[in-house]
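Working through the structure, step by step
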Amino acid sequence: MALARSSLNWEWTLFSVQCAKRLGHTMHLFHIYKATRFLWLNMEERAQQAEQKRILASELLLTFITQDECLRQHLQAVIAGKLTPSWASKGRVRIFLEKEDQLDRVMSFLASLLEAQGTKCHDQVAFVMDVLLPEATLHAIAGVHAVSLHRATEIYECGLQYDYSEKQLFAHYASKNMSKEAEQKMLTYKEQLQRALESKDFVQML
């Protein structure tokens, strides 16, 4: 990470030089460099803060799922077939847990509920992932944020939100580590997608 940051600082230096030459203000080169470097470092800081915020939010959801007694009873009723899950067959399952270890802990907890019920399941992993996980997540969102289940569903459908600074950093690192062949394929795909979106027949098929 330190090496990458050093490389980026050098890139910003070159950018600053180019700006100074174009503007004809060589004497302000240092100030331009400081300004551009500050913007980049500020973006890195914002990205780290956004990630940390999601980790803490994920921890709140994890705690609610594994410790709330009402939710436990609700999930047990779903496993027993006494209640219909809210998200069953409604679409793609969203993962609201930032870290893999957080997801592992939730999945382990949900699997233990299923095993404790003694319910026979053709595919236990699929049932936990496609039924219990979204059900637990929906109710945890509603409980943690003190919103209705309907509003929790809307939040769930939007998925995890990423800050603009994170997207910019990802785009930068991806482009730096992308091979020329991969970059060309990406540009070709982008052009094909653009042409498709401009096609009336394609739009009507959506």
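Look up a bit, the structure's there.
Residues numbered from 1 in each chain as written. Predicted model: local features only at pLDDT ≥ 70, side-chain atom pairs only at ≥ 80, totals over all residues. Heavy atoms only, no water.

1. Describing the overall build of the protein
Within the protein, the regular secondary structure consists of nine helices and zero strands. Walking the protein from its N terminus toward its C terminus, one meets helices and strands in the order α-α-α-α-α-α-α-α-α. Taking the contacts inside the protein whose residues are at least 6 apart along the sequence as the reference set, 71% of them involve residues at least 24 apart. Of the roughly 14200 Å² of accessible surface on the protein, 57% is carried by carbon and sulfur atoms. (Helix = DSSP H or I, 4+ residues; strand = E, 2+ residues; numbered from the N terminus. Contact = heavy atoms within 4.5 Å. Areas by Shrake-Rupley, 256 points an atom, 1.4 Å probe, with all protein chains shown as cover.)

2. Section: the packing of aromatic side chains
For the coordinates displayed, the defined rule picks out one aromatic pair. A centroid spacing of 5.7 Å and a plane angle of 15° characterise the contact between F96 and Y156, whose relative ring orientation is stacked. Placement of the pair is F96 in the loop between α3 (69-80) and α4 (100-117) and Y156 in helix α6 (residues 149-158), with a sequence separation of 60 residues. A relative accessible area of 10% places F96 in the buried class. (Phe/Tyr/Trp six-rings, centres within 6.5 Å; stacked < 30°, edge-to-face > 60°. Buried < 20%, exposed > 50% of the residue type's maximum accessible area, 1.4 Å probe, protein only.)

3. Things to note about the pattern of salt bridges
For the coordinates displayed, the defined rule picks out five salt bridges. Across the pair E154 and R151 runs a salt bridge, and its minimum N-O distance is 3.1 Å. Placement of both E154 and R151 in helix α6 is noted, with a separation of three residues, approximately one turn of the helix. (Salt bridge = Lys/Arg side-chain N within 4 Å of Asp/Glu carboxyl O.)

4. Notes on the nonpolar core
For soluble globular proteins, the rule of thumb is that nonpolar side chains tend to be buried together. In this structure, I65, L75, V106, L110, L132, L133 and Y156 are the most contacted members of the largest nonpolar core, which totals 29 residues. For this core, the secondary structure elements donating two or more residues are α2 (29-67), α3, α4, α5 (124-145) and α6. Considering every element that reaches this core, the biggest residue donor is α5, with nine residues. (Core = buried A, V, L, I, M, F, W, Y, C linked by side-chain atoms within 4.5 Å.)

5. Here we look at the layout of surface pockets
With a probe scaled to a water molecule rolled over the atoms, the places where space remains empty come into view. Put simply, the largest pocket is a space of about 430 Å³. In terms of lining, the largest pocket is formed by 20 residues, of which the most central are R54, A57, F96, L160 and Q161. For the lining of the largest pocket, the secondary structure elements donating two or more residues are α2, α5 and α6. For the lining of the largest pocket, the per-class residue count stands at eleven nonpolar, four polar and five charged. (1 Å grid on protein atoms, 1.4 Å probe; cavity = no way out; pocket = protein on both sides within 12 Å on 5 of 7 lines; lining within 4 Å. Points joined across faces, edges and corners; volume = space filled by probe spheres on them. Nonpolar A, V, L, I, M, F, W, Y, C, P; charged D, E, K, R; others polar.)

6. Here's the deal with the side chain of H139
Along the polypeptide, H139 turns up in helix α5. Those residues in contact with H139, other than ones at most four positions away along the chain, are F64, L71, H74, S86 and L149.

7. Focus on the packing of α4 against α5
Taken N-terminus to C-terminus, the directions of α4 and α5 make an angle of 110°; their axes are 10 Å apart at the nearest point. It follows from the interaxial angle that α4 and α5 lie roughly perpendicular. Residues L103, V106, M107, L110, A111, L114 and E115 of α4 lie in contact with α5, whose contacting residues are Q124, F127, V128, M129, L132, L133 and A136. Looking at side-chain class alone, the contact of α4 with α5 contains twelve nonpolar, one polar and one charged residues. (Axes fitted to C-alpha atoms, helices over the stretch in contact; angles between N-to-C directions. Parallel < 35°, antiparallel > 145°, perpendicular 65-115°, else oblique.)

8. Observations concerning α5
The end-to-end C-alpha distance of α5, which contains 22 residues, comes to 30 Å, matching closely the 32 Å that a straight helix rising 1.5 Å per residue would cover. Taking the largest bend as the criterion, α5 deviates by roughly 35°, centred on L132, and proline P134 comes between one and four positions later. After α5 finishes, the residue A146 shows a positive phi value of roughly 55°. (Expected span 1.5 Å × (residues − 1). Bend = angle between axes of the 7 residues up to and from the residue.)

9. Things to note about the environment of N42
Among the secondary structure elements, N42 is positioned in helix α2. Residue N42 is classed as partly exposed on the basis of its relative accessible area, which comes to 30%. Here the alpha-carbon distance between N42 and S165, two residues 123 residues apart in the chain, equals 9.0 Å.

Take it as geometry only, folks, not as evidence of what the structure does.
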